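Residues per chain are reported as follows:
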Amino acid sequence: MITTNMVTTNMVTTNMVINNMIDEMEKKPKQYKIAVLAGDGIGPEVMTEALKVLEAISRKYSLDFSYTEALVGGAAYEKYQSHLPEFTLNTCRNSDAILFGSVGGPVDEQLNEKWKGVEVNSLLSLRKHFGLFANLRPVRLYPQLASSSTLRSDIATNGFDILIVRELTGGIYFGQPKGREGAGDSEKAYDTMVYNRMEITRIAKIAFDAALRRKRVVHSVDKANVLTTMVFWREVVEEVAKQYPEVSYEPIYVDNAAMQLTKRPSDFDVMLCGNMFGDILSDEAAAIAGSIGLLPSASLSEKGFGMYEPSGGSAPDIAGKGLANPIAQILSAAMMLRYSFGLNSAADDIETAVDILISQGKILTPDLGGNNNTSEVGTAITQNIMQLTDYAD
Ligand code: NAD
């Protein structure tokens, strides 16, 4: 027979066990599970440096980062005949964030089995699978790197700091129907540019929210003078803009935006773009910022899951030579700490360590006019982190 006393005693014991478990869990540092997908070309080289930097951060702040490496792209195809094997996808599903390198082979080998469709099969699939609709691409020209910029020197010396917010899972890259049919003179190929209200509204909100934490200026890039999709884009963005009276909003045609970026880049703060326009303008922004090797990116889902990767590609022309600039990959890791893990001080440390490296101008890869290799730059950034004095988080 069970008496009331026994029930009470059992409940007290159970509560004590649960409390002890909670105490134990609280004592154990949180583990941050990171899927590491280095990929092809320079991917593995720059990833090594990002992991070196993360190790320094984990020592400095006593953080528990757990890494699971998985193959993707051509590297995965060689072993599994798939650009995105199930193991890789599962690794991403079981992680808190994805740190991605780059995929792809030499541009003149795109039709080889190993490389055919590699970006669509791996990168675009990951973006679609995890609903990574919001692509944040910060682009900064450090005045110290003015000579590496393609801008006229009087414009470059002013520097600039732009955030490109690119819609990543819709628009012409994903719109249906797309295809190719017919033969001879009537053979044709087509893609479809399509956006619905929800897709435009949610990416516009990301841009306006970001602007609130910056200079409070949003330029929405469209082609409303020609494309029906872009007339709709403009209407919906204008509705969102009304909810942000503190932010200055200006629509701009994409062709004009491309030109103004080279003439007055410091007038831009947040540039809101659809998928294709954001893709093209961010490469232009990379050139005027000095090197694509500097530009990180974050791709986020509505639930806050994120994939972090350099804006550039696998750079087969310099792969394996120690020439790749690891800064884009390292700053992508910093974005991961900030957006996926909320570790703002740790992210600040990495960004400050990169700022110091660039302002000193002594240890740089050849794309920035330096003589150092990938590993030396990674090590120098790591040393800068260890020398920073602020340990508070
Ligand atoms: P790319 O970005 O790989 O290279 C363009 C130029 O920038 C090259 O001269 C390269 O040496 C240089 N570069 C790129 N990253 C650099 C770095 N970190 N440091 C120094 N220099 C750097 O573009 P691409 O040549 O057009 O494409 C090469 C391959 O990459 C292709 O297979 C393409 O499909 C693929 N690609 C992949 C991604 C991705 O994985 N996200 C993005 C773009 C291109």
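Above this text you will find the structure in question.
Below or above, wherever it landed, is the structure these notes cover. What you see is a predicted model, and the numbers here were worked out from it, not measured in a lab.

Okay, the pairing of strand E11 (residues 296–300) next. Of all 5 residues in E11, 5 are buried; the element is thus mostly enclosed. Where burial is concerned, the two faces of E11 agree: the one with Pro 296, Ala 298 and Leu 300 and the one with Ser 297 and Ser 299 are both buried. Here strand E4 (residues 134–141) runs beside E11; their pairing, made up of 3 bridges, is antiparallel. Its bridge partner being in E11, Ala 134 is matched across the sheet by Leu 300. In this structure, E11 lies alongside strand E12 (residues 306–310), joined through 5 bridges in antiparallel fashion. Each residue of the ladder has a partner; that of Pro 296, found in E12, is Pro 310. Two successive antiparallel strands, E11 and E12, enclose a turn made up of 5 residues, where Gly 304 displays a positive phi of approximately 95°.

Most of strand E1 (residues 31–39) is tucked away, with 7 of its 9 residues classed as buried. Here E1 pairs with strand E2 (residues 64–69) via 6 bridges, running parallel. In the sheet register, Gln 31 faces E2, and the bridge partner there is Asp 64. Remark: the E1/helix H2 (residues 43–61)/E2 crossover connection has right-handed handedness. With 5 bridges joining them, E1 and strand E3 (residues 97–102) adopt parallel strand pairing. If you follow Gly 39 over to E3, its bridge partner there is Ser 102.

Inspection of the region around the ligand gives 21 residues, with Gly 105, Glu 119, Gly 313, Ala 315 and Asn 325 positioned closest. Contacts to the ligand include Val 103, whose backbone N or O atom sits 2.9 Å from an oxygen atom. Asp 317 has a polar side-chain atom sitting 2.9 Å from an oxygen atom of the ligand. Surface burial for the ligand is 73%, taken as the share of its 810 Å² of free accessible area covered by protein chains.

What follows deals with the nonpolar core. Within the largest apolar cluster, 93 residues are counted, with the highest numbers of intra-cluster contacts made by Phe 65, Leu 99, Met 271, Leu 337 and Ile 381. The element best represented in this core is helix H11 (residues 327–339), accounting for 8 residues. Beyond its immediate stretch of four places on either side in the chain, Ile 381 contacts Val 53, Ile 327, Ile 330, Ala 353, Val 354 and Leu 357. Core analysis: the second largest hydrophobic core is formed by 20 residues, Leu 84, Ile 98, Val 118 and Leu 132 among them.

Conventions we followed
Residues numbered from 1 in each chain as written. Predicted model: local features only at pLDDT ≥ 70, side-chain atom pairs only at ≥ 80, totals over all residues. Heavy atoms only, no water. Buried < 20%, exposed > 50% of the residue type's maximum accessible area, 1.4 Å probe, protein only. Helix = DSSP H or I, 4+ residues; strand = E, 2+ residues; numbered from the N terminus. Pairing = 2+ DSSP bridges. Right-handed = clockwise from strand over helix to strand, strands pointing away. Near = heavy atom within 4 Å. Polar contact = N/O pair within 3.5 Å; in protein donor to acceptor, adjacent residues only side chain to side chain. Areas by Shrake-Rupley, 256 points an atom, 1.4 Å probe, with all protein chains shown as cover. Core = buried A, V, L, I, M, F, W, Y, C linked by side-chain atoms within 4.5 Å. Contact = heavy atoms within 4.5 Å.

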